[in-house]
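# Notes for the structure review
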Amino acid sequence: MPALLVFPVTIIGFDKNNFFAWILLFVIFARLFFMKAKVLDIIAAVVVIATISSVLIHQWSNVSAFTAQEAESVKTAVLRLDPNDMRINGDLLTGEASMQTEGKEEKVYFHYTIGTEEEKVDWEQKRFPQHIIAEVRLEEPEAERNLYQFDFENHLNAKSIHWIVTIEAMQLRSEDRSVWSLPSSLRRSLILMLEKLPAVQTTDYIQTMLFNQSHAIAGETLDAYRGIGLLHLFSISGMHIQLLLTQLRFVLLRMKVSHESTNKLLVVFLIAYGVLTGWGIGVFRAICTHFILLVGKITGHRVEAKDAFAFTLMAAVLYNPLLIYTASFQLSYLLAGVLYFLAPVSAEWELNGLLKDICLTALMTMVSFPIVAYHFFEVSWIGIFVNVIFSFFFSWLLFPIFWFLFFTVLFFPETPVLGLLCTVSDNLLTLLENFASAAADLNFASVVTGRPPAFYFALVWVALLLLLLRVEKKRRDIRVLCFLIVAVGLFSFAHQLTPSGKVVMLDVGQGDAILIIAPFHRRAVLIDTGGMLTFEKEAWQVRETAATSGEKLVTILKAEGVKKLDMVFLTHADQDHVGSLRELAEGMPIDKIYFPKGAEGNVALAAVLLELQNQQHVTLYPVLGKVDVKIGADFVFRILAPLSPGDGGNEDSLVIQTSIGGLDWLFTGDLEEEGEELLMRTYPDLKTDILKIGHHGSATSSSEDFLDQIQPELAMISVGKANRYGHPDGKILERLELRDISIFRTDQQGAIHFLYGSEKTEWRTILANKKYK
């Protein structure tokens with residue numbers, strides 16, 4: 001119980017206004033008071049003092065050695081690059097490094113564009129840390145640009161990294177072959193050795209699961225595993241360590257090694273393995289817990305597994321308090337803690353092995369529900385069943401094969417048995433990946449929850465706590481189960497209980513995507529999908545993205561609580577407006593798609609539309625101007641243009657007028673001056689309050705006559721940060737400023753939210769975290 005104090009005390013240390021942390025702190029203190037155990041009170045006091053000290057030390061030390069002005073002046077630096085902390089992706093080299101310049105040293109995140117294929121191969125084969133003198137440019141990491149998305153600034157801050165370094169040119173490079181580099185070079189040598197295995201797929205899994213190489217497995221595969229609730233197998237579990245210790249103990253005892261010597265050898269192995277794997281979150285948890293248990297056996301002091309786990313938990317948080325905010329830490333320690341909590345109880349369950357595994361998996365899935373929903377915005381219930389299958393395959397088949405292959409390639413690299421085992425392993429992995437992909441594609445396999453208000457999280461946590469207490473006391477209480485079902489139900493449909501609606505100009509880089517959600521989520525409409533503009537590269541330069549623009553769009557929509565799109569409007573056929581359509585439809589149901597008549601003449605767009613119509617039964621509507629499209633009972637899109645079929649170009653853009661939240665809105669796609677002139681002639685009385693600036697603020701759009709006629713009060717510009725086109729053009733910004741038109745820009749402010757439906761409306765921007773009434 002005292003170990004749990006690290007959570008509320010740490011959270012309060014970073015956020016003194018966190019109401020739920022104060023409640024949790026009060027509950028733990030109340031429980032300790034009624035337990036009337038003086039020893040626990042002393043331990044609790046020590047934990048609180050240690051946690052407060054840790055937070056204060058972290059806040060004092062986790063600051064940059066450089067001011068913004070000093071960072072801007074840095075032009076040359078010495079960097080130490082560890083091959084184990086680097087990643088090569090196409091022609092991009094990234095990773096963490098130590099930087100020295102102007103008499104100061106700091107940990108940084110770097111990226112460098114590789115010049116030639118030969119240089120790429122050279123970097124791939126590096127075994128020792130590299131010292132380089134380089135011309136560099138420093139910039140601050142950026143926070144999330146869309147609601148609840150990955151916050152790279154916080155991610156780096158948790159690692160005490162405050163600057164991103166662009167290596168523009170390398171002047172000198174040398175290797176560090178000192179004694180201190182030996183652990184790093186040994187780990188790198190093992191990774192390179194594994195690449196000699198005659199099976200790429202198996203090699204990727206061994207590097208990921210045994211050596212903490214998180215980027216080895218393909219992103220699509222990890223997405224499929226996450227979609228069925230199995231991501232913990234790869235990033236957080238550390239379960240292979242328990243299996244390996246059991247196997248090593250068996251071998252050593254059969255070799256007539258004494259129990260005492262076996263325990264000492266296992267301690268040495270744990271420390272060595274931690275050094276070689278880089279002490280990942282799940283690995284540290286498993287190693288530290290087993291280390292404490294083994295030391296207890298060696299010294300003759302019996303240590304309970306839950307006490308060893310509690311000490312490990314405190315050690316991890318005290319070392320880096322910001323870890324508690326990461327999904328991997330939360331899932332790893334929560335699920336392991338629940339297993340230790342339930343172990344004595346489950347041992348007495350009168351069930352066969354399969355039913356016991358299913359019951360434990362069901363409990364674990366329910367306990368992880370709020371954390372998975374918070375970070376990934378959807379939860380898979382099918383994981384209750386597939387976890388049992390995957391745990392069996394990995395525990396009893398794949399992990400033994402992985403370890404056997406590792407030791408075989410280490411000591412007997414030429415033996416023919418390697419090929420046979422790699423074939424078996426690859427076939428098993430292919431079978432599991434296909435199964436995971438098919439299960440993740442099932443529409444009913446998961447529930448989109450978004451990220452509801454804190455009240456609903458608290459409701460589910462209370463229900464789960466009551467359930468675990470009933471399980472611990474071996475009591476069956478239908479009321480607790482009913483309460484949990486109601487809590488999960490309210491949580492899952494919390495967005496449908498929200499009386500406000502919203503218009504969101506999503507930040508999709510150099511493209512357009514505008515989301516409109518009616519009050520109570522009665523309708524969800526998307527105008528354009530964004531899309532990545534691709535440029536031709538040589539094969540060795542092509543980069544694999546962790547998530548494509550379409551996958552990112554789906555995640556953004558799910559974070560907003562969108563379960564399906566009732567309508568998608570495509571303004572024209574350019575890739576930066578429709579390029580993510582196929583992936584969007586794969587990740588989320590779409591009922592209807594509207595597009596300007598004639599755009600289907602675009603070969604690429606036509607192929608996607610035909611595919612969606614035939615395979616997903618999406619209804620297609622080619623439209624022209626002077627048509628009203630009913631969105632809801634009191635919600636209409638008035639299509640103003642195009643007036644005649646075109647070829648899907650900029651001047652053929654759909655122009656949409658509507659009223660939302662008491663304001664008139666005009667969405668113009670990539671309409672340019674010629675189209676604007678036709679619009680003014682056709683609708684001479686056209687006015688609007690909010691204008692979506694055409695063509696990302698290009699000089700060829702938003703003419704002075706057009707702005708003078710429609711008289712907008714606010715302009716919204718969807719544009720990529722530091723884009724190659726120079727959008728928005730300075731002339732356009734000047735025109736808007738001369739007319740006192742307020743400007744929102746996604747490149748500077750991230751996603752732009754307009755909230756309506758209550759007595760007042762509100763504007764919010766993500767990057768600046770500002771509210772505008």
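Residues numbered from 1 in each chain as written. Predicted model: local features only at pLDDT ≥ 70, side-chain atom pairs only at ≥ 80, totals over all residues. Heavy atoms only, no water.

Moving on to the overall build of the protein. Scanning the protein for helices and strands turns up 28 helices and 23 strands. Reported as C-alpha extents along the three principal axes, the dimensions of the protein are approximately 95 × 70 × 55 Å. A buried classification covers 50% of the 773 residues belonging to the protein. Of all intrachain contacts in the protein linking residues separated by at least 6 positions in sequence, the fraction that spans at least 24 positions is 68%. For the protein, the exposed surface amounts to about 37,000 Å²; the carbon and sulfur share of it is 59%. (Helix = DSSP H or I, 4+ residues; strand = E, 2+ residues; numbered from the N terminus. Buried < 20%, exposed > 50% of the residue type's maximum accessible area, 1.4 Å probe, protein only. Contact = heavy atoms within 4.5 Å. Areas by Shrake-Rupley, 256 points an atom, 1.4 Å probe, with all protein chains shown as cover.)

Let us now look at the side chain of His696. The residue His696 is located in the loop between β18 (690-692) and α26 (704-710) in this model. At 2.9 Å, the side chain of His696 and the side chain of Asp576 are in polar contact. (Polar contact = N/O pair within 3.5 Å; in protein donor to acceptor, adjacent residues only side chain to side chain.)

When charged atoms on two side chains of opposite charge get close, those side chains can pair. The tally for this structure, following the rule as stated, stands at 28 salt bridges. In this structure, Asp91 engages Arg543 in a salt bridge whose closest nitrogen and oxygen atoms are separated by 2.7 Å. Taken together, the residues Asp91 in the loop between β1 (76-89) and β2 (92-101) and Arg543 in the loop between β10 (524-527) and α21 (549-559) connect sequence positions 452 residues apart. Among the residues examined, Asp91 registers a relative accessible area of 5% and is labelled buried. When the shortest N-O distance is used, the salt bridge between Lys721 and Glu142 registers 2.9 Å. You can see Lys721 sitting in the loop between β19 (714-717) and α27 (730-738) and its partner Glu142 sitting in the loop between β4 (130-139) and α6 (152-157), a full 579 residues away along the chain. Its relative accessible area of 25% is what places Glu142 among the partly exposed residues. Through salt bridges that share partners, Asp122, Lys126, Arg173, Glu175 and Arg177 make up one connected network. (Salt bridge = Lys/Arg side-chain N within 4 Å of Asp/Glu carboxyl O.)

Counting residues in each nonpolar core, the largest one holds 48 residues, and the members touching the most others are Phe394 and Phe402. Among the elements that line this core, the one with the most residues is helix α17 (residues 383-411), at 12 residues. With residues up to four places along the chain from it excluded, the contact list for Phe402 reads Thr202, Tyr205, Ile206, Met209, Leu210, Phe394, Ser425 and Leu429. Within the second largest apolar cluster, 33 residues are counted, among which are Val504, Ala573, Ala585 and Phe595. (Core = buried A, V, L, I, M, F, W, Y, C linked by side-chain atoms within 4.5 Å.)

Moving on to helix α11 (residues 239-254). Each full turn of the α-helix corresponds to 3.6 residues, which orients residues three or four apart in the same direction. In a regular helix each residue adds 1.5 Å, so 16 residues correspond to 22 Å; α11 covers 23 Å between its end C-alpha atoms and thus fits that length. Within the sequence span of α11, burial applies to His240, Ile241, Leu244, Leu245 and Leu252. Buried residues of α11, viewed axially, fall in a sector of 135°; they line one side. Across from the buried face of α11, at angles greater than 90 degrees, the exposed residues are Phe250 and Arg254. On its buried face, α11 sits against α8 (200-211), α12 (259-277), α13 (281-299) and α17. Lys256 occupies a position one or two residues after α11 and carries a positive phi of about 70°. (Expected span 1.5 Å × (residues − 1). Arc of directions from axis to C-beta.)

Our focus in this paragraph is a nonpolar patch on the surface. Where nonpolar side chains cluster on the molecular surface, the patch consists of Phe19, Phe20, Ile23, Phe26 and Val27 and spans about 520 Å² of accessible area. Residue placement: Ile23 occurs in helix α2 (residues 19-35). (Patch = residues over 30% accessible without salt bridge, like charges linked within 9 Å, V, L, I, M, F, W, Y side chains within 5 Å.)

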